[in-house]
Amino acid sequence: MSRVAAALVLLAAFLPILTAAQEATSAAPPTEKARFFFGFTACRTSPGGELDGKLVLGDPVYAYFLPRLDPSAGFSVQGGAALKSGIWSAGYFQSSHNAYFQGWERSATLHAVEIEGKGYLIRARPVRPFLLAGFSIPWLTVKDGSLKGDAVYDAHYIGLGVKVGAGLAAQIVPRVILTAGLHYRYLALLYVKGGGKARDVANLYVDRFGPKRRGFIKVPSTGWEIGLVFTL
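Note that the structure is predicted; figures quoted are calculated from it, not measured.

This part is about the overall build of the chain. If you tally the helices and strands in the chain, you get two helices and 13 strands. Restricting to contacts in the chain with at least 6 residues of sequence separation, those with at least 24 account for 69%. Working note: accessible area of the chain is about 11100 Å², and carbon and sulfur atoms make up 65% of it.

What follows is the structure, encoded as structure tokens:
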């Protein structure tokens, strides 16, 4: 079963919970008044693209390795406002991964500061489908992912990201909202630092002595997420 199909099955498993919440909660439309909240989200993410365990960037002095990352669970914490139109938040995301590159295994951690909105497609029901859109500043730390001469350093990549998705939100009790959905992230890693100052990846060379790269590192990622929002 593919990862997307598995995520769809998982989301479908939550439909009875969401339906029960709809039957147990009044169908009155949400208030227009903003309700501030804090929330927690568990997710699974699968970074891919040029994180394939094959690419090396650098020059005669430096080398930066782009490992393959295993899919992994992650989490995020958020704060924001719940409105009649949707849930609007800012937060911090993190996932930890096993990292592989040409025979060696290390670890990598993906972080991001995210701003996102879940806009409701149907507003006047306790169970509401939403579309998700967001923007992030991600950074990826790869253990022992950089060389300067014979010295080994951690590699730190930073860039920009966007996120889109869809899901369902249910008011399970008056001050708690359950959300579940699927998402797609696209990360553009622009700079790398390891053993020296930060470098623009577009000015590095493929395999250290090959052609100049002239572009950012492309990292698409799919996943699912389940969260709880606690309104104040």
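Moving on to the packing of aromatic side chains. Applying the stated rule across the entire model yields eight aromatic pairs. Aromatic side chains Phe38 and Phe230 sit 5.4 Å apart centroid to centroid with 20° between the ring planes, which places their arrangement in the stacked category. Linking Phe38 in strand S1 (residues 35-47) with Phe230 in strand S13 (residues 217-231), this pair joins segments that are 192 residues apart in sequence. Among the residues examined, Phe38 registers a relative accessible area of 40% and is labelled partly exposed. With a relative accessible area of 26%, Phe230 lands in the partly exposed category. An angle of 5° between the planes, with centres 6.1 Å apart, marks the rings of Tyr62 and Tyr64 as stacked. Per residue, the accessibility class of Tyr62 equals that of Tyr64, and both read buried. In this structure an aromatic cluster arises from ring pairing among Phe38, Phe40 and Phe230. Looking at Arg185, its charged tip hangs above the ring of Phe93, at a distance of 4.1 Å from the centre. A cation over a ring is seen here: Lys218 above Phe216, with NZ or CZ 5.2 Å from the ring centre.

Across all of its chains, the model carries eight salt bridges by this definition. Between Asp70 and Arg68 there is a salt bridge, and its shortest N-O distance comes to 3.4 Å. Of the charged contacts, one joins Glu116 and Lys163 as a salt bridge, the two residues approaching to 3.1 Å between their closest N and O atoms. A residue pair is termed long-range when its members are at least 10 positions apart, and Glu116 in strand S7 (residues 104-120) and Lys163 in strand S9 (residues 151-173) qualify at 47 residues. The residues Glu116 and Lys163 share a single accessibility class, namely buried. Overlapping salt bridges, with partners in common, bring together Glu116, Lys118, Lys163 and Glu225 in one network.

Moving on, we come to the pairing of strand S5 (residues 72-82). Bridge count for S1 against S5 is 11 bridges, and the pairing is antiparallel. By the bridge assignment for S5, Thr45 is matched with Ser72. Linkage of S5 to strand S6 (residues 86-101), two consecutive antiparallel strands, is achieved through a turn of three residues.

Position of Lys118 among the secondary structure elements: in strand S7. In this structure the side chain of Lys118 is engaged in a polar contact, spanning 2.9 Å, whose partner is the side chain of Glu116. Discounting chain neighbours no more than four positions away, the residues touching Lys118 are Ser85, Gly86, Ile87, Trp88, Phe130, Leu131, Leu132, Thr179 and Glu225.

Following the sequence through the fold, Ala34 ends up in the loop between helix H2 (15-24) and S1. For the pair Ala34 and Ala82, spaced 48 residues apart in sequence, the C-alpha separation works out to 5.7 Å. Not counting residues within four places of it along the chain, the set of residues in contact with Ala34 comprises Ala81, Ala82 and Leu83.

So, about the nonpolar core. Judged by nonpolar contacts, the single largest core of 24 residues is most densely connected at Leu57, Leu66, Leu140, Tyr157, Val192 and Ile217. Of all elements in the fold, only strand S3 (62-65), S6, S7, strand S8 (127-148), S9, strand S10 (176-193) and S13 reach the threshold of two or more residues within this core. Beyond its immediate chain neighbours, meaning those up to four positions away, Ile217 contacts Glu50, Leu57, Leu66, Tyr157, Leu187, Ala188, Leu189 and Val201. With nine residues, the next largest nonpolar core counts Phe37, Ile87, Phe130 and Ile177 among its residues.

Reading guide: rules and limits
- Residues numbered from 1 in each chain as written.
- Predicted model: local features only at pLDDT ≥ 70, side-chain atom pairs only at ≥ 80, totals over all residues.
- Heavy atoms only, no water.
- Helix = DSSP H or I, 4+ residues; strand = E, 2+ residues; numbered from the N terminus.
- Contact = heavy atoms within 4.5 Å.
- Areas by Shrake-Rupley, 256 points an atom, 1.4 Å probe, with all protein chains shown as cover.
- Phe/Tyr/Trp six-rings, centres within 6.5 Å; stacked < 30°, edge-to-face > 60°.
- Buried < 20%, exposed > 50% of the residue type's maximum accessible area, 1.4 Å probe, protein only.
- Lys NZ or Arg CZ within 6 Å of the ring centre and 35° of its normal.
- Salt bridge = Lys/Arg side-chain N within 4 Å of Asp/Glu carboxyl O.
- Pairing = 2+ DSSP bridges.
- Polar contact = N/O pair within 3.5 Å; in protein donor to acceptor, adjacent residues only side chain to side chain.
- Core = buried A, V, L, I, M, F, W, Y, C linked by side-chain atoms within 4.5 Å.

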